[in-house]
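Topology and contacts: notes
Listed below, chain by chain, are the residues.
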Amino acid sequence: MRRKWLETMAKGATKATSKAAVGYDYCNKLFAAEKKCANFKASVRITARQVGVEPILDAYWWWVETLEPVQGSKLAEAVTYAKNQKEYLNAFFWSMAR
């Protein structure tokens, strides 16, 4: 998903000027939170994900659902892609915790 947000961003875009930049930032936050718990034992990783990853993931999906992009736009493409990947992203994070 991060790639889709990046492809949608205009050069020099910021979170203040681009919804795609906001999506990209959420993905970066997820990667950073995941990296922090990568070397933890499974039992600790579950807790770390509940504390560090789950709130970001929940906020990300809430934010995605608030978007109303113009049909046929690059942003609409990125939003559709994200929504289509929700099940898989959530499954990935929680399966890796075990």
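Just above, that's the structure.
Overview of the structure. (Residues numbered from 1 in each chain as written. Predicted model: local features only at pLDDT ≥ 70, side-chain atom pairs only at ≥ 80, totals over all residues. Heavy atoms only, no water.)

Concerning the overall build of the chain
Each helix and strand counted, the chain has 4 helices and 0 strands in total. Put simply, the chain runs from its N terminus to its C terminus through helices and strands in the order α-α-α-α. C-alpha atoms of the chain, sized along the principal axes, occupy 45 × 25 × 20 Å. Within the chain, buried positions represent 34% of all 98 residues. Counting only contacts in the chain whose residues sit at least 6 apart along the sequence, the fraction spanning at least 24 positions is 62%. On the chain, roughly 6,300 Å² of surface is accessible, and the fraction owed to carbon and sulfur atoms is 56%. Computing the positive centroid from 16 side-chain charges and the negative centroid from 9, the chain places the two 7 Å apart. (Helix = DSSP H or I, 4+ residues; strand = E, 2+ residues; numbered from the N terminus. Buried < 20%, exposed > 50% of the residue type's maximum accessible area, 1.4 Å probe, protein only. Contact = heavy atoms within 4.5 Å. Areas by Shrake-Rupley, 256 points an atom, 1.4 Å probe, with all protein chains shown as cover. Lys, Arg positive; Asp, Glu negative; His and termini not counted. Charge placed at Lys NZ, Arg CZ, Asp CG, Glu CD.)

A closer look at the state of the cysteines
Here the structure, examined in full by the defined rule, presents 0 disulfides. Take C27: it sits in no disulfide, and the sulfur closest to it among the cysteines is that of C37, at 16 Å. On the accessibility criterion, C27 (5% relative accessible area) is buried. (Disulfide = S-S within 2.5 Å.)

Observations regarding the packing of aromatic side chains
This structure, assessed with the given rule, holds 5 aromatic pairs. Members of the aromatic cluster, connected to one another through ring pairs, are W5, Y26, Y60, W61 and W63. The lysine or arginine in question, K4, covers the ring of Y81, its NZ or CZ lying 5.3 Å from the ring centre. (Phe/Tyr/Trp six-rings, centres within 6.5 Å; stacked < 30°, edge-to-face > 60°. Lys NZ or Arg CZ within 6 Å of the ring centre and 35° of its normal.)

Considering the environment of N39
As for its placement among the helices and strands, N39 is situated in the loop between α2 (19–36) and α3 (42–66). For N39, a relative accessible area of 76% puts it in the exposed group. For the pair N39 and Q85, spaced 46 residues apart in the sequence, the C-alpha separation amounts to 26 Å.

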